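Chain by chain, the residues:
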Amino acid sequence: MTLKRMDNVLIVVDDLEAAKAFFIELGLKLEGETTVEGLRSEPDGLKDVRATLAMMRTPDGQGMSWTSSTRPTRSGLGPWTRR
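Here the residue index of a chain counts from 1 through its sequence in written order. Per-residue local features are limited, in this predicted model, to residues with pLDDT of at least 70; the limit for side-chain atom pairs, both in listing and counting, is 80 or more; totals at the level of whole chains, interfaces and linings are taken over all residues. Side-chain metrics rest on all non-hydrogen atoms present in the structure, leaving aside hydrogens and water.

A. Geometry of the overall build of the protein chain. Numbered from the N terminus, helices here are DSSP runs of H or I no shorter than four residues, and strands are runs of E no shorter than two. A tally of helices and strands in the protein chain yields one helix and four strands. Element order for the protein chain, N to C, with α for helix and β for strand: β-α-β-β-β. Each residue's exposure class comes from its accessible area (1.4 Å probe, protein chains only) as a fraction of the maximum for that residue type: buried when under 20%, exposed when over 50%, partly exposed otherwise. Counting every position in the protein chain, which comprises 83 residues, the buried fraction comes to 24%. Two residues form a contact once any of their heavy atoms are found within 4.5 Å. Once local pairs closer than 6 in sequence are excluded, the contacts in the protein chain between residues at least 24 apart make up 48%. In these tables, accessible area is a Shrake-Rupley quantity obtained with a 1.4 Å probe, and a residue counts as shielded only by the protein chains included in the view. In the structure as shown, the protein chain presents an accessible area of about 6300 Å², 56% of it carried by carbon and sulfur atoms.

This is the structure:
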């Protein structure tokens, strides 16, 4: 089996503004941005999440999203650590 299509990729970053600026410089277009909160994040089990999401599109139309969480904080946690 081979990958035939990918519609969206979500990347978690520490600094959303820096990530947006970097990828805009590479030619991606910012399509929108929103903040969501109060969600339960699965499969990591985090509760009461507050995150900002930015949706960007490559010149050929592929979607990419970046997110940065302000709650819970990541300090002291490894990338796969559950609370």
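B. Examining the packing of aromatic side chains more closely. Any pair of Phe, Tyr and Trp rings, taking the six-membered ring for Trp, is counted once the centres come within 6.5 Å. Such a pair is stacked with planes under 30 degrees apart, edge-to-face with planes over 60 apart, and tilted for the rest. According to the stated counting rule, one finds two aromatic pairs in the structure shown. For the pair Phe22 and Phe23, a centre-to-centre distance of 4.9 Å together with 90° between the ring planes defines the contact as edge-to-face. Ring centres of Phe23 and Trp66 lie 4.6 Å apart, and the angle between their planes is 40°; this geometry places the pair in the tilted category. Of this pair, Phe23 sits in helix α1 (residues 16–25) while Trp66 sits in strand β4 (residues 63–71), and the two are 43 residues apart along the sequence. Members of the aromatic cluster, connected to one another through ring pairs, are Phe22, Phe23 and Trp66.

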